[in-house]
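Descriptive structure summary
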Amino acid sequence: MARRKSFLAPGLWIPAGLALGLLALPLVALVVRAPWAELPVLLADRTVTSALGLSVLTAVLSTAVSLVLGIPLALVLARSAKWPAVPRRLLRALVTVPLVLPPVVGGVALLLLLGRRGLLGQFLPFQLPFTTAAVVIAQTFVAMPFLVLAVEGAIRATDRRVEIAAATLGASRWTVFRRITLPLVAPGVASGALLCFSRALGEFGATITFAGSFPGTTQTLPIATYLQLQTNPDAAIALSLVLLAVSVGVLVSLRDRWVPGLTS
Amino acid sequence: MSLTAAVRVPERSVDLDLTVSRGRTLALLGPNGAGKSTVLGAIAGVVASVGQITLGGRPIENAEVEDRRVGYVFQDYLLFPHLSVLENVAFGPRSQGRGRAASRSVAGEWLDRLGIGALAARRPAELSGGQAQRVALARALAAEPELLLLDEPLSALDVEVRAEVREELARHVKEWGGLTILVTHSLDDVAALADDVIVLEKGRATQRATVRELVAAPATPYVSRLVATWSED
């Protein structure tokens, strides 16, 4: 069979180039205009260090919460393939909504649920909004679906009959989960956790709505960046560079991710 | 030690009584879709079935898969892709509560016994079909089953190596000496591995015989056709 010549209309290059420029040029500007010389001083500022520390802490915590709660949810979601259409689609929609919902709306919704007079919040003996815990909840709300969908994909891709084979060898359900299912979906869990972490780290809308921006307790890196832009633009640029570096790091580790035992 | 099973899986119209006694291998011979694998699945506990199953005097029809002590060599082996060959074989002993070192040494012994000790460190993806089959057999036997199920153990192999692997398999199963049920649609497999045969067609037994009787006096057109084409080889 003759190979058809790959053919791109010249007219295609113009919009494609514009699109690429729109995606890449802002980042170029950020790197070019960054005050590289003052960077060490800017990054040593207390506002910056406390925002950075808080961001890392809360993003790690919300990733941990997402792992503990999200892996079981992913298992349920993967099994739901055999359910009737209505509950199956409802479940999937519930998991997917935070992905498409504007984060600010998520923050408002969290306030209405967990706020002082919220649906559940009115029964709480303590106040949740505007605390570090609120930051973690907001980030988890926004970021967990990334993990759930990544893990679910990995579970669906593994042959479930391998688990049956393990059971015939005398392995209990827990052993099968721990020694077979979990290692087989580990690459999916790892990439899901990375996506979840980077999404949590960048979370702005839900966090500022539900948790506010108190320096040291709820002012995370993206919020500090936004606020600094009005008073100290150089600091904002420095913070942006940090967030950009983390994003690039996540991208690189996703691409070259280590896949234990599955590389052949 | 023997197995007596009444396998009833109404959804797949399978209804079969069978008995296997010590040191004998029973072949379930039948065309595709006859319900052969369903019978194995029911005995192993992975397919829901009604009817009593007694293994070595122990009723197992209500036992969980992991408590039945029924070894299963799957058609496509289903080795654990993330574990080495040694770890695959050590999985059974380890899951049954033996220590890590003890399980690995048991696994090593089985690999040596099946002549594949040199493959211990490999991953399943690095094995040929014949090697993978032996690992699957070692893995099943290392779990010390009271009954061994072989589901089309040669069908995933290239035709050129089939005869040799079949001979090896027959030797190892004989050396092991426990109860074995083989599912196949090949008379070659039956002749090499089995003592008794049940012909299964549409979920029912249409002939019960020894291998010799089967070849001498086929009871159904299906078996006649098999025997006719087989003799021509």
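The rules behind each value
Residues numbered from 1 in each chain as written. Chains lettered and ligands numbered in written order. Predicted model: local features only at pLDDT ≥ 70, side-chain atom pairs only at ≥ 80, totals over all residues. Heavy atoms only, no water. Helix = DSSP H or I, 4+ residues; strand = E, 2+ residues; numbered from the N terminus. Buried < 20%, exposed > 50% of the residue type's maximum accessible area, 1.4 Å probe, protein only. Contact = heavy atoms within 4.5 Å. Lys, Arg positive; Asp, Glu negative; His and termini not counted. Charge placed at Lys NZ, Arg CZ, Asp CG, Glu CD. Pairing = 2+ DSSP bridges. Axes fitted to C-alpha atoms, helices over the stretch in contact; angles between N-to-C directions.

**Points about the overall build of chain A**
Looking only at helices and strands, chain A features 11 helices and 0 strands. Each helix and strand of chain A, placed in order from N terminus to C terminus, yields the pattern α-α-α-α-α-α-α-α-α-α-α. Counting only residues that meet the buried cut, chain A has 39% of its 264 residues in that class. Expressed as a percentage of contacts within chain A between residues at least 6 apart in sequence, the contacts between residues at least 24 apart total 72%. Chain A carries 21 positive and 8 negative side-chain charges, and their two centres are separated by 14 Å.

**With respect to the sheet that holds strand β4 (residues 53–55) of chain B**
All names here are of chain B. Strands sit in the order β2-β1-β4-β5 across an open sheet of 4 strands; the sheet is antiparallel. At either end of the open sheet lies a strand with only one pairing partner, and these are β2 (14–21) and β5 (58–59). Of the pairings in the sheet, the one linking β4 to β5 comprises 2 bridges and is antiparallel in character. Residue pairing in the sheet places L55 in a bridge with R58 of β5. Those strands touched by helix α1 (residues 36–44) are β1 (2–9), β2 and β4, and its axis lies near 115 degrees from that of β1.

**As for the environment of C196 of chain A**
Residues and elements named next belong to chain A. The residue C196 is located in helix α8 (residues 173–202) in this model. Assessed through its relative accessible area of 0%, C196 is described here as buried. Distance in space between the C-alpha atoms of C196 and L147 is 5.6 Å, their sequence separation being 49 residues. Apart from residues lying up to four places away in sequence, C196 is in contact with T63, S66, A143, M144, F146 and L147.

**Some thoughts on the sheet that holds strand β10 (residues 204–210) of chain B**
All names here are of chain B. Here 6 strands make up an open sheet; going across it, the order is β6-β7-β8-β3-β9-β10 and the pairing mixed. The two strands at the open ends of the sheet, each matched to only one other strand, are β6 (70–73) and β10. Sheet twist, expressed as the mean angle between neighbouring strand axes with direction ignored, is 20 degrees. Note: strand β7 (residues 147–151) against strand β8 (residues 179–184), 5 bridges, orientation parallel. In the sheet register, L150 faces β8, and the bridge partner there is L182. Contacts from helix α4 (residues 129–142) reach β6 and β7 within the one sheet, and its direction differs from that of β6 by about 175 degrees.

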